[in-house]
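# Residue-level structural notes
Spelled out, the chains give:
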Amino acid sequence: MSDEIIRLKKAFMFQGLPEDVLAALAQKVNRRALTQGETLFNTGDEGDALYIIDEGWVKVTRQDEKGDELLLNRCGPGETIGEMSLLDQEPRSANVVALSDAHVMELHRDGFFELLDQRPDVAMGLIRSMSSRLRFSGMYFQKMGEWSRKIAEGDYSFMEQIQPLTGGDSNSDEEKASQMLSAFFLMVKGVKEREESLKRQVETLTLAIDEKKRRQEFEELTQTEFYTKLKIQAHELRQKRLDNKS
Amino acid sequence: MGKIVSIHSFRGGTGKSNTTANLAAQTALVAGKRVGVVDTDIQSPGIHVLFGLDENSMGKTLNDYLYGKCAIREVAYNVGEHADESGGRSQLAGKNLWLIPSSIRGREISRVLREGYDVGRLNEGLQTLISDLELDYLFIDTHPGLNEETLLSIAISDALLIILRPDQQDFQGTAVTVDIARSLDVANLLLMVNKAVPNKYDYVHLKEQIEKAYHAPLTGILPLNFDLADNASKDIFSLAHPDHEWSRELRKVAAAILAVE
Ligand SMILES: Nc1ncnc2c1ncn2[C@@H]1O[C@H](COP(=O)(O)OP(=O)(O)OP(=O)(O)O)[C@@H](O)[C@H]1O
Ligand SMILES: [Mg+2]
C-alpha cells in the first residue's frame, strides 16, 4: 500500500472506502506543505478545492470590521476543510491559517464530484461530518448568546472558568466552543476595562477656597513691621530698576 | 537687566527644587541664556544634589556671604565647568549656569535658625550677582511657606512661579500666596501643577478652576513620575529623559517664563 493511500485512509470522509477507490483517488490529490502561520485561503477567495488535513493543525477564523479575529474552529488530522465552497459555489466563508507546520491533501472540484458520483458512501461520510460541524456551530452560538447576555448584565465571572483545551477528542463541543470564544470575550472584557479607565479620567476634582481663612492668614502675614518695610523696599527696588532701564 | 524668578509652594515637597533645577537647565541649555540658581532654602537646602554637588565638592556657600565672610561672586559655583561626563547633566558642559548653594553643615544651618540673617544683605547679594555675572535669569529655590526670606524673594521677583499639587490643602495655601504676591506687586504670576496622577482627574476642568480662582495662567501640569522619584534627585530629569511627559510639560513652563516681559 502506497503512502498516499495510507494517508487517505485516515481521512474521516474516506473511511470505509475500498483500496482500489483510494488508489484512484490518490492520483487526484496533491500533498501540500504549510509552514506555521501560512494562510491556506482567505474569506472571499474563489474556492475550487477542498483539503484534508494530514498532519498538523489549522485555525478557522473570521475578522470583524475592526480587524479583530474571531476564532471559529480548530481542525486537525483527518478533518476536511473547504468543502462548502465546492458544494454551494460561493466564495470562501472564513480564513484558514496553519497553527503549526502542517500537510494537507488538496482535492480539486472535478475529482471531488467524480468521486461523489461513484461513491454514495463518500457523500454520506461528508454529510456526517457536516452535521457534526453544524452541531458544533449550534453549541458555539448558544454559548455566544449565553455569554453576551451575562456581559449585558455586567457579569464577567464566567471568564475565570474557561478551561484550556486538553487536545485530542476528549473535549466536548461545549468545551471546545468555550475555548474558541474565549479570546473574543476577553477582548470584550478589555474594551470594558478601557472604557472604565476613560470614565475614571473624567472624575472631576472640585476645589474650594475658605475665603475667611484666606483673609485671616493674609492679615496675619501682612500686619507685621517686617512686611510693611518689605513692601516699601520692594517698591523702591522696582522703581530703581525701572529707572535703570530707561 | 536680568529677571528674578522665584519658585515657591505653600507646602513642602511639591517639587520646587526639581522644578527650579530643570527650568534653569532648560533656560541655559535650550535658550542659551546666562542663568543663576540660588538656594534660599537655608533651613533645608537640597538643590545642590541635582547639580551633582556634595559636602566635599561644595566650596563657599550663601551662608558665608550672609555672615560677611566672602563676596557673593565667590559663592557662585560654575555648573558648566564641572559638568559630568555622562548623564543628563553632561549636556550642561560649557553652558553659562551658576549655582549659589546653601550650606549643608549642621552648625551653619543652626546658626541661621538661631540668629536669622539680614534679608537686606541677601537682596544686595542677588542684585550684585545679576550684574557681576551678567545674568539673564536668576532662579530662586525657596523654603516652603511664607517666612521672611521667602517674602523677600517674592518681593524682589519679576516673576513668581507657584507650584501646587492637585489637592485641597495646596489650593487653599496657594490662594494666600497669590494674595501676598499681588500685595507685593509681583508683575508676573505663573502657576504649575506637579505630581498629578495621570488619568485620575479631568485636568482640563482643573486648569479652568485654578485659573479662574487665581487669575493667573497654569503653565503646565506635570505628572506624578516614579522615574523622577527613583532618580532620587541625582540628575536633571528633563535632560536625562527629554521625551517623558514630565519633561514635555516642564518645557511648557520654561517657555512661559521665557515669554515674561
Ligand atoms: N512629579 C513628581 N513625581 C514623583 N515624585 C516627585 C515629583 N516631583 C518631585 N518628586 C519627588 O518629591 C520629593 C520632593 O521634591 P523636591 O525636593 O523637588 O521638592 P521641594 O518642594 O523642593 O521639597 P522641599 O519643600 O522639601 O524643599 C523628591 O523626593 C522628588 O524626587
Ligand atoms: Mg527644596
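Residues numbered from 1 in each chain as written. Chains lettered and ligands numbered in written order. Predicted model: local features only at pLDDT ≥ 70, side-chain atom pairs only at ≥ 80, totals over all residues. Heavy atoms only, no water.

A word on the sheet that holds strand E4 (residues 58-63) of chain A. All names here are of chain A. On the basis of which strands lie adjacent, the open sheet formed by 4 strands has the order E2-E7-E4-E5 and antiparallel pairing. A single partner strand is all that each edge strand has here, and the edge strands are strand E2 (39-41) and strand E5 (69-75). Neighbouring strand axes in the sheet, compared pairwise and without regard to direction, differ in orientation by 30° on average. Direction of pairing for E4 relative to E5: antiparallel, over a ladder of 6 bridges. Residue pairing across strands places Gln63 opposite Glu69, the latter belonging to E5. (Pairing = 2+ DSSP bridges. Helix = DSSP H or I, 4+ residues; strand = E, 2+ residues; numbered from the N terminus. Axes fitted to C-alpha atoms, helices over the stretch in contact; angles between N-to-C directions.)

Pairing between side chains of opposite charge can happen when their charged atoms approach one another. Residues and elements named next belong to chain B. Enumeration over the complete set of coordinates arrives at 26 salt bridges over all chains. A salt bridge links Glu74 to Lys60, with the shortest nitrogen-to-oxygen separation between them at 3.9 Å. On the criterion of sequence distance, the pair formed by Glu74 in helix H4 (residues 72-75) and Lys60 in the loop between helix H2 (47-50) and helix H3 (62-66) is long-range, its members being 14 residues apart. Residue Glu74 is classed as partly exposed on the basis of its relative accessible area, which comes to 45%. Taking relative accessible area as the criterion, Lys60 reaches 40% and is therefore assigned partly exposed. Residues Lys252 and Glu249 are paired through a salt bridge, measuring 2.6 Å at the closest nitrogen-oxygen approach. Here the residue Lys252 and the residue Glu249 both occupy positions in helix H12 (residues 245-258), the gap between them amounting to 3 residues, near one helical turn. (Salt bridge = Lys/Arg side-chain N within 4 Å of Asp/Glu carboxyl O. Buried < 20%, exposed > 50% of the residue type's maximum accessible area, 1.4 Å probe, protein only.)

A word on the confidence of the model for chain A. Taken over all residues, the pLDDT of chain A has a mean of 86, while the share at 70 or more is 93%. Across chain A, the element-wise mean pLDDT spans from 79 in helix H6 (residues 173-201) of chain A up to 96 in E2(A). (pLDDT = per-residue confidence, 0-100.)

Quick look at the packing of aromatic side chains now. Working definition: an aromatic ring pair is given by the centre-to-centre distance plus the angle between the planes. All names here are of chain A. Within this structure, the stated rule accounts for 12 aromatic pairs over all chains. Summarising the aromatic geometry, the rings of Trp147 and Phe158 are spaced 4.7 Å apart at their centres and angled 25° between planes, so their arrangement reads as stacked. One end of the pair, Trp147, is in helix H5 (residues 120-152); the other, Phe158, is in the loop between H5 and H6, with 11 residues separating them in the sequence. For the pair Trp147 and Phe158, a shared accessibility class is recorded, and that class is buried. Considering the side-chain rings of Trp147 and Phe185, the 5.2 Å spacing of their centres and the 90° angle between planes classify their relative orientation as edge-to-face. Placement of Trp147 in helix H5 and of Phe185 in helix H6 is noted, with a sequence separation of 38 residues between them. Looking at Trp147, the relative accessible area reads 4%, which means it is buried. (Phe/Tyr/Trp six-rings, centres within 6.5 Å; stacked < 30°, edge-to-face > 60°.)

Before going further, it helps to examine unusual backbone geometry. Only a minority of non-glycine residues have a phi that is not negative, and only a minority of peptide bonds are not trans. For A:Gln89, which is not a glycine, the phi torsion comes out positive at approximately 60°. By secondary structure assignment, the location of A:Gln89 is in the loop between helix H3 (83-88) and strand E7 (95-98). Backbone geometry places B:Asn199, a non-glycine residue, at a positive phi of 65°. You can see B:Asn199 is positioned in the loop between strand E7 (188-196) and helix H9 (203-214).

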